[in-house]
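Residue-level structural notes
Given next are the chains, with one letter for each unit.
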Amino acid sequence: MKQTSLSVVALAAGCTSEDSTEPGQGLPIIDAHCHVFNASDLPTTRFLRQVVFEDYPKQSATRILAVRDPDVTDEFIQLILRLLGANNAPSADQEIAYLATGRNGLPTAQSAESARAAAIEDTAQHLLFLDRRRRRAATMGGPSELSNRSPLPEEKFLNYMVGQPMMTLRAEEPLSTAQARAASQRAFNRQDAVGRYLNWFSLFRLYRHVLAERLISDTERQGFRPVMLTPALVDYDEWLYEDVDVSPLTRQMVVMDRISQRMAKTKTGPVLHAYMGFDPLREVAYRAGKSSVSSLTTVRTALAEHGFIGAKLYPPMGFRASGNEPPYPKRTAKALGFEPSKQLDAALHDLYHLCVELDAPILAHGYASNGSGPDYAKRGDPAYWIPIFEQFPTLRVCLAHFGGFDARSAGREGMPLPEGSWEWRLGEFIKSHPRQNVVADISYFSEILTAKADARKSLATSFKRWLTEFDSGCDHILFGSDWIMLGKEAGYDHYIESINAFLRTDCNLSDDACDKIFRRNAMRFLPLERGSQGRNRLVAYYRKNGLDDSRLPSASTRLLADLFGR
C-alpha cells in the first residue's frame, strides 16, 4: 500500500504503432498486487492514526483532507473510526458460513451501494451523537460563559458537515434527524477528498469476495481481461500493538481459500491466489514464548494447504530485509525483554528458506511510505534486500510501488536523483543478475494520475532511462493495482487505462513490452511455468479440492526462454 496526494488528470489511452491494441479489446492482465481485506481484517484504529493520518507527515490528515482546522480533522478521524469499526464488516467466519450456505448474508456487505447507504446512515447518527454532546456541554455553563466561550470541536465539525453555525443554536434546539441525514448525504456526494475518503471507507464493510468481484468489474470496464488476481493479506498487529480479534489471520487464510475455490469453479474469469502476510516480529514473539501464533507456521500452512501463492512482507512496520538494528518501539523491547535485531534476521532467514523450499514468491513493500515509526519507512530500501538476493539466488522477490524515483537509498543520500534512488539501486542488481527472479511492480503508481505535465515528463524520462540502463528487455516490471487502497484516488476509475497510456505514449513502449508488464512477467515470476515446483504446488491444491487445474494460467518453458533470450 502506497499513498500519495489526491487529484486527477484526465488521460486518454494511446498507442505507438498502427497495430497496437486499444483499451476495450480485452487485453489480458494479471493484477499481481492487490488487496481484498475489509475492516475486520485490520488493526484499524492504530493503522489509521499511527500510519495514515498522524505519525507520517507526508500523509497527515490535514494535507490529505485539505481541512485547515485540526479540531475538525480530529473529529473527522473519529467519524472514520466509527465507519471502519470491525463490527460493521463481516468477519472471516461470517463470510465462510455465507459462502458455504448462501444463506443469512449481511445485506450491507453484498454490494457497494448497500455499504454506502449504511455508511451514510451511520454518519448521520454520528452527527446526532455529536449534537447531543455539544448541547450537554453548552448547558453546563452560564449565559455569559456561553456567549464568550470558544467553539467546541464538536460544534466546529458539525458546522463543517452541516454548513450551519451550530454554536449559535440554543442548547435546547437539537439537530434533527432529517438535517443530519441530509448533511451526511451531501458529504458523501462531495467531489473533493472528503467525499472520496468517505465513499472509500464504506467499501471496507463488504465481503472479501465482493471486493474481488468489484476489482474484476472495474478492470473489465476499462477494456482489460483479468486472468489472475494475487491479493495480499497483511499482519501489522505486533508493530501497532493492536490485535485483530474479529478476523485473525488464520481465519482470513481460510476465507481466502474458500474464495480461491469459488473463483476456480467458474468456467470463465480470473482465478485468485493470495499472499499470506508474514511478520517477523510475531515470529520472534512466538519463539520467545510471548505469542501463541507462529507466523512462519501460518505461512507454511497457507502455501502448502490453502492455495496461497506466496508471502507478503511490510518492512515499514519496523524491520529490514536484512541487517536489522534499533530503534524499535519501546513497548516492543519491553514486552520481549530484549532488542530483537538478531532474532528478526533469523526469523526472516527462515522465511526465505521456506519460500525457496516451496518455490513461493515474496511480495514486499518497496516504497518510502507508511512507516509505523520515525524513519521506519526507509526500512523497505532495496539496499537491505541486496544481501538476501545474493544469498538466495533462487528466491523470487517483488519490490512493490516502483517508479517514484524520489527516495534516496542508504549510503546515497548525497547523490542526485534518480541515480541515488531506490529504483536505481535495484536496477543495478537486476542488470548484473538479469536471470534472477527479482522484479518490481508499479502498483499504486498514482503519480500517473496526479502529475502535471512537467512532472509526468520527468517520470517518463526516468522510467525509460531505467529500462535502457538496467532492463532493456522489460523483463522485471509487473503490473499491480493495489486495490482496495487505490480506490480512494480520484482517478481510480481510469487507472489501468492511464497506466497503459503512460507506458505506450509517454514511454513509447511496444505492444510486446506492455504485454510483458501486464501479464507475461507475472506468469514467470509467480511462478506459473509448467513443471515448476511452485506451479505443481498449486496444481496439487486444485486436484485436492476437485478443481480443474486448466483454469490456472500457464506459461510454457518456451515462453520463459523467449523472455530471457535463451
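The following refers to the structure shown. (Residues numbered from 1 in each chain as written. Predicted model: local features only at pLDDT ≥ 70, side-chain atom pairs only at ≥ 80, totals over all residues. Heavy atoms only, no water.)

1. A closer look at helix H20 (residues 453–470)
In a regular helix each residue adds 1.5 Å, so 18 residues correspond to 26 Å; H20 covers 26 Å between its end C-alpha atoms and thus fits that length. Listing the buried residues of H20 in full gives Arg-456, Leu-459, Ala-460, Ser-462, Phe-463, Trp-466, Leu-467 and Phe-470. The arc enclosing the buried residues of H20, seen along the axis, measures out at 165°, which places them on a common side. Opposite the packed face of H20, turned more than 90 degrees from it, sit the exposed residues Ala-453, Asp-454, Lys-457 and Thr-468. (Helix = DSSP H or I, 4+ residues; strand = E, 2+ residues; numbered from the N terminus. Expected span 1.5 Å × (residues − 1). Buried < 20%, exposed > 50% of the residue type's maximum accessible area, 1.4 Å probe, protein only. Arc of directions from axis to C-beta.)

2. Thoughts on the nonpolar core
Core analysis: the biggest nonpolar cluster contains 147 residues, and Leu-313, Tyr-352, Ile-362, Trp-385 and Phe-463 have the highest contact counts within it. Excluding residues within four positions of it along the chain, Ile-362 makes contact with Tyr-275, Ala-311, Leu-313, Leu-351, Tyr-352, Cys-355, Trp-385, Leu-395, Arg-396, Val-397, Cys-398 and Phe-525. (Core = buried A, V, L, I, M, F, W, Y, C linked by side-chain atoms within 4.5 Å. Contact = heavy atoms within 4.5 Å.)

3. Regarding the sheet that holds strand E6 (residues 362–365)
Pairing is parallel in the open sheet, where six strands are placed in the order E4-E5-E6-E7-E8-E9. In the strand order of this sheet, the two ends are held by strand E4 (275–277) and strand E9 (477–478), each with one partner. When strand E5 (residues 310–313) meets E6, the two strands line up parallel, connected through three bridges. Bridging across to E6, Leu-313 finds its partner in Ala-364. Here helix H18 (residues 422–432) sits on the sheet in contact with strand E7 (397–400) and strand E8 (438–441), set at roughly 145° to E8. (Pairing = 2+ DSSP bridges. Axes fitted to C-alpha atoms, helices over the stretch in contact; angles between N-to-C directions.)

4. Looking at the packing of helix H14 (residues 295–305) against helix H16 (residues 341–358)
As a packed pair, H14 and H16 sit with axes 11 Å apart at the nearest point and diverge in direction by 10°. It follows from the interaxial angle that H14 and H16 lie roughly parallel. At the point where H14 passes H16, the crossing takes the right-handed sense. For the pair formed by H14 and H16, the contact residues are Leu-296, Val-299, Arg-300 and Leu-303 on the first element and Asp-350, Leu-351, Leu-354, Glu-357 and Leu-358 on the second. (Parallel < 35°, antiparallel > 145°, perpendicular 65-115°, else oblique. Left-handed = near helix turned anticlockwise from the far one by under 90°.)

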